[in-house]
Amino acid sequence: MQDNATEVTAAGIARLAGVGRAAVSNWRRRHADFPKPVGGTDTSPSFALAEIEDWLRAQGKLAEVPLRERVWQQLAGHPAGPVTALLHAASVLLLVHDRPTEWLALDKADDDALAERLPAALEGVLTPRFGHATERALPTPAPNALLPSVPLLRGAAELAAELGARSAFAFLLGRHLDANPRQYTLTPPGPAELMATLAGPATTALDPACGTGALLHAVRALDPRPGQRLYGQDTTAELAALTALRLALDGQDGEAAAPIVRTAAADTLRHDTLADVRADVVLAHPPFNERGWGHDELAYDPRWEYGFPARTESELAWVQHALARLRDGGTAVLLMPPAVTSRRSGRRIRADLLRRGALRAVIALPAGAVPPNNIPLHLWVLRRPAAAAPAAPELLLVDTTSLAAAGDVREKQSWTAVRDAVLDAWRTFDRAGALAERPGLARSVPVIELLDDEVDLAPARRLPPPAAAGGTGELTAVRERLTDTLRLTTELTPKAATHAASPARWPQTTIGELARAGALTLRSAATSVTTAASGTGGHARVPALTDHDVLTGTAPSGTAPDGEPVVLQAGDVVVPVVGGGATARVIDEATAGAALGRGLALLRPDPAALDPWFLAGFLRGTANNRQASSYASTATRLDVRRLQLPRLPLAEQARYGARFRTLAAFEDALRLAGRLGEQLVQGLHDGLTDGVIEPE
C-alpha cells in the first residue's frame with residue numbers, strides 16, 4: 001500500500017491520539033507490539049502512518065483519525081517531502097475545483113490507474129490557468145511521481161468535499177507554513193495588506209521575489225477585479241509553483257473571474273523572465289544584504305536608471321528593478337532594512353531617486369511587524385515618473401515605531417493603529433503633495449533639505465518624538481494614574497497571615513486523576529499558533545492567548561491559524577508547559593473567546609467539583625511545579641497531569657480561591673504600576689532634556 005510510505009513522528013502520533021509526547025514514549029516502552037521505526041534518527045524516529053493508525057485503533061486509543069489530521073500527516077510525512085506533496089495536493093484541488101466530475105470519474109480507478117491517468121487531467125487545468133508547460137513554473141507531475149501521493153490526493157479531495165477546494169488548500173498551506181516558519185521569508189498578512197493598499201488597485205501586479213505569494217494574495221484580496229493579471233518570480237522553483245497554485249485557489253466561490261497567473265522560477269536580478277511586463281503595481285519583500293546579487297555581470301544593465309548599485313547595495317538594485325517594471329505613473333512598495341536609508345554607498349542613488357521624484361515615501365514600521373522581529377523595517381513607496389510630469393518637491397516620512405512595541409504590534413488593536421496612521425498620512429500627502437507636521441509621527445520634507453552630503457532618509461532623524469511624551473498635561477495624567485494605582489496596591493497588599501502550627505497534610509490528587517474522573521477537562525492547542533506575522537493571510541482569525549501573554553498578564557497577542565482552535569471560556573485555567581516558572585491564569589470574560597496558543601495547557605474545571613481560583617492558586621505552588629517538571633538541556637517542561645491538588649470540599653476550595661483571587665488582583669496592580677512608573681520616568685527625562693520641563 002502506498003499509504004505506508006507516509007511517515008509520522010512522535011509529535012504527530014501525539015496529535016492523532018490527543019495526548020502528550022510523554023504518553024507516546026510510554027507506549028513505546030510498555031507495548032511490545034508498538035510499531036517499529038521506519039525512518040528518522042535514534043533521537044527522533046519516524047513511523048509508518050498506516051501502522052500507527054492500526055495500532056491506535058486496536059488499543060482503543062483512536063476511534064477514527066480526523067480527516068484534516070490524516071491528510072496533514074500524509075502531507076507532512078510524504079517520502080518526497082512536504083512541499084512536493086503540497087504541490088501535488090494543490091494541483092488535484094484545482095482539478096476538483098475546476099472539473100469536479102472529471103475527478104470523480106478518475107477517483108473510481110485503483111491507485112496505479114489513477115496515477116497513470118491523472119497527468120493528462122492535470123494538464124487540462126494547469127495549461128488554461130498558467131500557460132503551456134514550457135511557460136510555467138509548475139510542471140505536470142509524471143505518473144511515477146504521483147503514485148506515492150495517491151492516498152494523499154484522495155484524502156485532499158475528500159477534504160475538499162467537506163470544506164471546499166479553496167478552504168482545503170488554505171488549511172494545508174497554513175499548516176505547512178506554521179510548521180516550517182524558518183524555511184520561508186514570510187510577509188505577515190497585516191503588512192502585506194498595508195503594502196497592497198498603499199500601492200492601490202491594480203489590473204496588473206508583479207512580485208519579483210514572490211516567495212509563498214503573500215503580497216500577490218493581498219493584491220487579489222484587496223481588489224479581485226475581472227481580467228486581473230498577477231505575475232511572480234522566485235529563485236526557488238517550488239515557491240514559484242506554490243505561488244501560482246495559491247493565487248489560482250484564492251478567494252471565495254462566486255467572486256470575480258479567476259485571475260490570469262504567470263509565475264517563473266529564476267534569479268530575478270540576473271535572469272528576469274518577466275522583462276516585458278509593465279505593471280500597475282509592484283510589491284516586493286526582497287532578500288536583504290546580498291553580496292552575490294550579480295554586481296559583476298550586470299554593470300551595464302538598462303535597469304540602473306538612477307545609478308549602478310554598489311556590491312553592498314542589493315536592496316537599491318531591487319528598488320530600480322521594481323521601477324523598471326512599472327508603467328508610467330505606476331506604484332511600487334518594497335520592504336527595506338533601515339540601513340538602506342543612510343548607508344554612504346547608496347547616497348548617490350538615493351539622491352537621484354529624490355531629484356527625479358521616484359521615491360515618494362519612507363515609512364518606518366515598529367519592530368516585530370515583519371521578521372526579523374528585532375529590526376524596525378521600512379516601507380519605500382515609489383512611483384515611476386511620467387515623461388512630462390514635474391518632479392515631486394517633497395518626500396513623506398512616517399515613523400510608527402512609537403505606536404506599538406515589538407510585542408504589542410502583533411495585537412490586532414496595535415496593528416490597526418499603525419495601519420490607520422500610515423494610510424491617513426499617505427492619502428493626505430498623495431492628494432495634496434505635502435503634509436503638515438504631525439509631531440513624532442509624520443511630515444513631508446522638501447527634497448532640497450535632504451540633498452546634503454549624507455542624503456539620510458531615516459524617518460527617526462527627521463521626526464523627533466513629541467516633547468515630554470505628549471506634554472506636561474499628559475505627564476500629569478500619568479502621575480495621577482500612577483498615584484491611584486500605588487494607592488490600590490497598598491490597599492491590596494496581603495495582610496499578615498495567621499500561621500498554622502504545622503503544615504497541612506491534606507489528602508492529595510493529581511490533575512491526571514481529576515481528568516479521568518471527569519472533574520475537569522484537559523486540552524492542549526489543536527494547532528500551532530503564529531504571530532500576526534504569519535504569511536497565510538486572507539481569512540478572519542481569532543486572537544490567540546500565548547505563553548508570553550500568560551506570563552505578563554496581557555491581552556491575547558497571537559493569531560490562531562486555519563483549523564479548529566480550542567476556544568477559551570470564562571473560568572478556564574491556562575498553564576504554560578514550557579520554560580519553567582510557577583504560573584497559571586484564570587480566564588475572565590475579557591479574554592474568553594480567544595484561542596488557546598501553543599505551549600499552553602487548558603484545564604476546564606467542572607464548577608460542581610472544582611473552584612477555578614482554587615485550582616489556579618495551588619497549581620502555582622513552587623514545590624508542586626518542581627515535582628511535575630522535567631529538564632532538558634535547553635528548556636524545562638511541565639507535565640500538567642502530575643500537578644497535585646488537595647482534596648477539599650467545594651466550600652473550603654472557595655475560601656482558598658477568594659484569597660488567591662485577591663493575590664491575582666494585587667499582582668495585576670503591581671504590573672500596571674510598573675508600566676506607569678516607566679512611562680512617567682521616561683517622560684520626565686524627555687521633558688528635561690528637551691527643555692519643556694524646568695528642574696525644581
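Residues numbered from 1 in each chain as written. Predicted model: local features only at pLDDT ≥ 70, side-chain atom pairs only at ≥ 80, totals over all residues. Heavy atoms only, no water.

Caption draft 1: Representation of the sheet that holds strand 5 (residues 229-234). Taken in spatial order, the nine strands of this open sheet run 6-5-4-7-8-10-9-11-12, and their pairing is mixed. Of all the strands in the sheet, just strand 6 (260-265) and strand 12 (442-446) have a single pairing partner and so form its edges. When strand polarity is set aside, the average angle formed by the axes of neighbouring strands in this sheet is 15 degrees. Strand direction decides the pairing type here: strand 4 (residues 204-207) and strand 5, joined by four bridges, are parallel. Each residue of the ladder has a partner; that of Ala205, found in strand 5, is Leu230. (Pairing = 2+ DSSP bridges. Helix = DSSP H or I, 4+ residues; strand = E, 2+ residues; numbered from the N terminus. Axes fitted to C-alpha atoms, helices over the stretch in contact; angles between N-to-C directions.)

Caption draft 2: Quick peek at helix 4 (residues 67-76). With nine of its 10 residues buried, helix 4 lies for the most part within the structure. Of all the positions in helix 4, only Leu67, Arg68, Glu69, Arg70, Val71, Trp72, Gln73, Gln74 and Leu75 are classed as buried. Of the surrounding elements, those touching the buried residues of helix 4 are strand 1 (7-9), helix 1 (10-17), helix 3 (49-58), helix 5 (82-98), helix 9 (150-163) and helix 10 (165-179). (Buried < 20%, exposed > 50% of the residue type's maximum accessible area, 1.4 Å probe, protein only. Contact = heavy atoms within 4.5 Å.)

Caption draft 3: Up close: the pairing of strand 4. Neither face of strand 4 is exposed, since Thr204 and Leu206 on one face and Ala205 and Asp207 on the opposite face are all buried. As a crossover connection, the stretch from strand 4 through helix 12 (residues 214-222) into strand 5 is right-handed. With two bridges joining them, strand 4 and strand 7 (residues 279-284) adopt parallel strand pairing. If you follow Ala205 over to strand 7, its bridge partner there is Val281. (Right-handed = clockwise from strand over helix to strand, strands pointing away.)

Caption draft 4: Region of the structure containing the nonpolar core. Counting residues in hydrophobic clusters, the biggest one holds 91 residues, and the most contacted among them are Leu118, Phe130, Leu198, Leu283, Ile363, Leu365 and Leu379. In terms of residue count, the dominant contributor to this core is helix 5 (11 residues). (Core = buried A, V, L, I, M, F, W, Y, C linked by side-chain atoms within 4.5 Å.)

Caption draft 5: How the structure looks around the packing of helix 5 against helix 9. At a minimum axis separation of 9 Å, helix 5 and helix 9 run at an interaxial angle of 45 degrees. One finds that helix 5 runs oblique with respect to helix 9. With respect to the hand of their crossing, helix 5 and helix 9 are arranged in right-handed fashion. Within the contact between the two elements, helix 5 uses Ala85, His88, Ala89, Val92, Leu93 and Val96 and helix 9 uses Leu152, Leu153, Ala156, Ala157 and Ala160. Taken together, the residues of the contact of helix 5 with helix 9 sort by class into 10 nonpolar, one polar and no charged. (Parallel < 35°, antiparallel > 145°, perpendicular 65-115°, else oblique. Left-handed = near helix turned anticlockwise from the far one by under 90°. Nonpolar A, V, L, I, M, F, W, Y, C, P; charged D, E, K, R; others polar.)

Caption draft 6: The arrangement of the sheet that holds strand 17 (residues 573-576) in detail. Strands sit in the order 14-20-17-18 across an open sheet of four strands; the sheet is antiparallel. On the outer flanks of this sheet lie strand 14 (520-524) and strand 18 (585-586), each paired with one strand and no other. Against the sheet, helix 22 (residues 612-619) makes contact with strand 17, strand 18 and strand 20 (600-605), and its axis sits at roughly 15 degrees relative to strand 17, the strand it touches most.

Caption draft 7: Region of interest: the side chain of Gln653. Within the secondary structure, Gln653 is located in helix 24 (residues 650-690). Only 2.8 Å separates the side chain of Gln653 from the backbone nitrogen of Asp611, close enough to count as a polar contact. With residues near it in sequence (within four places) discarded, Gln653 still touches Ala609, Leu610, Asp611, Phe614 and Leu648. (Polar contact = N/O pair within 3.5 Å; in protein donor to acceptor, adjacent residues only side chain to side chain.)

Caption draft 8: Spotlight on the packing of helix 6 (residues 100-107) against helix 7 (residues 111-130). Packing of helix 6 against helix 7 brings their axes to within 10 Å, and their N-to-C directions diverge by 165 degrees. By the angle class used here, helix 6 and helix 7 are roughly antiparallel. Here helix 6 and helix 7 pass one another in a crossing that is right-handed. Counted together, Glu102, Trp103 and Leu106 of helix 6 and Leu114, Arg117, Leu118 and Ala121 of helix 7 form the full contact between these two elements. Classifying every residue of the contact of helix 6 with helix 7 by side-chain character gives five nonpolar, no polar and two charged.

Caption draft 9: Here's a closer look at the environment of Gly433. With respect to the element layout, Gly433 can be found in the loop between helix 16 (412-432) and strand 12. Put simply, Gly433 and Ser444 are 11 residues apart on the chain and 8.4 Å apart in space, counted from C-alpha to C-alpha. If near-sequence neighbours (up to four positions away) are discounted, Gly433 is found in contact with Glu394 and Thr428.

Caption draft 10: Region of interest: the packing of aromatic side chains. A complete count under the given rule lists 11 aromatic pairs for this structure. Taking the centre distance of 5.8 Å and the plane angle of 50 degrees together, the rings of Trp27 and Trp55 count as tilted. Pair noted here: Trp27 is in helix 2 (residues 21-30) and Trp55 is in helix 3, with a separation of 28 residues, a long-range link. The same class applies to Trp27 as to Trp55, namely buried. Both rings, one in Trp426 and one in Phe429, keep their centres 6.1 Å apart while their planes meet at 40 degrees; by these two values the pair is tilted. With a gap of three residues between them, Trp426 and Phe429 both fall in helix 16, about one helical turn apart. Judged by its relative accessible area of 0%, Phe429 is buried. (Phe/Tyr/Trp six-rings, centres within 6.5 Å; stacked < 30°, edge-to-face > 60°.)

Caption draft 11: Seen up close, the pattern of salt bridges. Tallied over the entire structure, the rule returns 36 salt bridges. In this structure, Arg343 engages Glu315 in a salt bridge whose closest nitrogen and oxygen atoms are separated by 2.8 Å. Residue Arg343 is located in the loop between strand 8 (326-336) and helix 15 (347-355), and its partner Glu315 is located in helix 14 (residues 314-324); the two are separated by 28 residues in the primary sequence. A cluster of three or more residues bridged by salt bridges with shared partners is formed by Glu305, Asp328, Asp352, Arg356 and Arg384. (Salt bridge = Lys/Arg side-chain N within 4 Å of Asp/Glu carboxyl O.)

Caption draft 12: Seen up close, the pairing of strand 8. Of all 11 residues that make up strand 8, eight are buried, and the element is covered over most of its length. Pairing between strand 7 and strand 8: five bridges, direction parallel. Bridge pairing links Ala279 to Leu326 in strand 8.

Read these as geometric descriptors, not functional statements.
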